[in-house]
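Structural overview for review
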Amino acid sequence: MEISELITKSSSEQRKALLNKEVSAVELTEAVYKRVEETDEKIGAYNFLTKDFALETAGNVDKKIKNGDDLPPLAGIPLALKDNINLKSYPTTASSKILANFVSPYDATVTKKLKANLIPIIGKANLDEFAMGSSNENSAFKIVRNPWNLNKVPGGSSGGSAAAVAAGEATVALGSDTGGSIRLPASYCGLVGLKPTYGRVSRYGLIAFASSLDQIGPITRTVEDAALLLNTIAGHDEKDSTSLNQTPPDYTQDLRKDLKGVKIGYIKELCSEGLADDVSASIEKAINTYKSLGAEIIEISLPLIKYSIAVYYIVATAEASSNLARFDGVKYGFRAKDADTLYDMYVKTRAQGFGDEVKRRIMLGTYALSSGYYDAYYKKAQQLRRLIKNDFDNAFSKVDVLLSPTCPHTAFDIGSKIEDPLSMYLTDIATITANLAGIPAMNVPVSLDKDKMPVGIQLQSDCLNETKLLNVAFKLEEAVQFNYSIPSVTLV
């Protein structure tokens, strides 16, 4: 197999080539950088490259292979790291002007785990500013384009991570998911994207958007790759007070189990109205596939899901308002130069440093938390959030896994929604509930639409039940045989 073809394959195929000494880890990493050089000017997946560090890591992998040492499962496999996750001595900007000159003084916990597992980090992937967006058009640096069609969005906010994997500029990636920011780009780019149970993966070293919703997770070409990457990053962390003090299982152990007796519920409210025809067809395809695999299909109603957009955009913006108060130009990051007083410096720094979408969410959140409105908005939203979680608890007393579209439509044209924030927010209608409920959820690609763009379906399971979720996803992937090796990026 030519190395140019190998870089578009799964980690298991790349590992086999490494262990058989058909290719070295350094050669694989250099081939990925060649691919980045050829394609990324058009795609915009990366904010920064970390070539010296990646090649050093790859060299250490080659030494261990030469010595016959045991290697972690993803050693030598090129990875894109979302640019809101700290990598020591390299920029971490969250794709914002206000952090454009910030160099991280420490590693995030997940980054330490990547280093310990000898995974070459190719670079820091572009994103919607502070992870606020569904299209990756909100980056302060450049728009990310979908490798399947350069005129369409890759989804957000982890659009750079997804575009890098889809284009062969990385084999796997880490993103963060606050309301669908892993699953939506995975759906638009034809990839697997997994948001783990809240607290399953440490958030230490992740730049916070909404602390009760944020979670780091994998974006990969296959379900098995997602399981392997989750194995790498999951686990308790004393530095994160919300980290679950439980030993995670081996997420690859049940991938190939049959689905006889497994109960899968399709969410009535998300599988009926407002779907593009190709999305509806993909849902039907997934349901029929599961029936043929021996699973029992049950209709499930989540009656309070209709309130989820309102609840999410109060809770998330309120937490964003609080978290982003620290970016004031005093201790680090961008500082406005033309200020006369301290207050003037605060105002001008934040006005010049934040983009429009970030300002919009800060203002919404500040309003929801303000005196006289807290009970009416934030408190009420948290009460409804609990009731939405109760709906999920009730559903999981009847089924093992829930099925829905990941998004009501496929990737849209760049610029088509940027002037209509409400329309943009509605793209997250199927994904935000998993963050509100804290449950694991993932996208699995199943088909292409009439324009040859990927269509994904979403699977969700109860808290800490990622093994069952991955098993159900793997069997669907195995049955539908979605071709992960395309697209070939059009460089015109």
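See the structure above.
**A word on the packing of aromatic side chains**
- Evaluation of the coordinates by the stated rule reveals 15 aromatic pairs.
- Judged by centre distance (5.0 Å) and plane angle (50 degrees), the rings of F130 and F327 are tilted. In this pair, F130 sits in the loop between β3 (121-125) and α6 (159-166) while F327 sits in the loop between α10 (308-323) and α11 (342-353), placing the two residues 197 residues apart along the sequence.
- On the basis of relative accessibility, which here comes to 6%, the residue F327 falls in the buried class.
- A ring pair is formed by F392 and F396, whose centres lie 6.3 Å apart and whose planes are at 25 degrees; its orientation type is stacked. Taken together, the residues span about one helical turn, with F392 and F396 both in helix α13 (residues 375-396) at a distance of four residues. Just as F392 is buried, F396 falls in that class too.
- One aromatic cluster is present, built from ring pairs that chain together F102, F130, F327, Y332 and F354.

**A word on the pairing of strand β7 (residues 263-267)**
- Pairing between β7 and strand β8 (residues 296-300): five bridges, direction parallel. Paired with I264 across the two strands is I297, which belongs to β8.
- Chirality of the crossover, the property in question, places the unit of β7, helix α9 (residues 277-292) and β8 among those that are right-handed.
- Bridging between β7 and strand β9 (residues 401-405) involves three bridges; their strand directions are parallel. In the sheet register, I264 faces β9, and the bridge partner there is V401.

**Some words on unusual backbone geometry**
- Along the chain, G156 connects to S157 via a cis peptide bond; the corresponding omega equals 5 degrees.
- In this fold, S157 is placed in the loop between β3 and α6.
- Phi at N136 takes a positive value of approximately 60 degrees, unusual for a residue other than glycine.
- Examined against the element boundaries, N136 turns out to sit in the loop between β3 and α6.
- The class of N136 is buried, set by a relative accessible area of 0%.
- The phi dihedral of K452 is positive, around 65 degrees, even though this residue is not glycine.
- Summarising the element assignment, K452 is placed in the loop between β10 (441-448) and β11 (454-461).
- Among the residues examined, K452 registers a relative accessible area of 56% and is labelled exposed.

Calculation rules
- Residues numbered from 1 in each chain as written.
- Predicted model: local features only at pLDDT ≥ 70, side-chain atom pairs only at ≥ 80, totals over all residues.
- Heavy atoms only, no water.
- Phe/Tyr/Trp six-rings, centres within 6.5 Å; stacked < 30°, edge-to-face > 60°.
- Helix = DSSP H or I, 4+ residues; strand = E, 2+ residues; numbered from the N terminus.
- Buried < 20%, exposed > 50% of the residue type's maximum accessible area, 1.4 Å probe, protein only.
- Pairing = 2+ DSSP bridges.
- Right-handed = clockwise from strand over helix to strand, strands pointing away.

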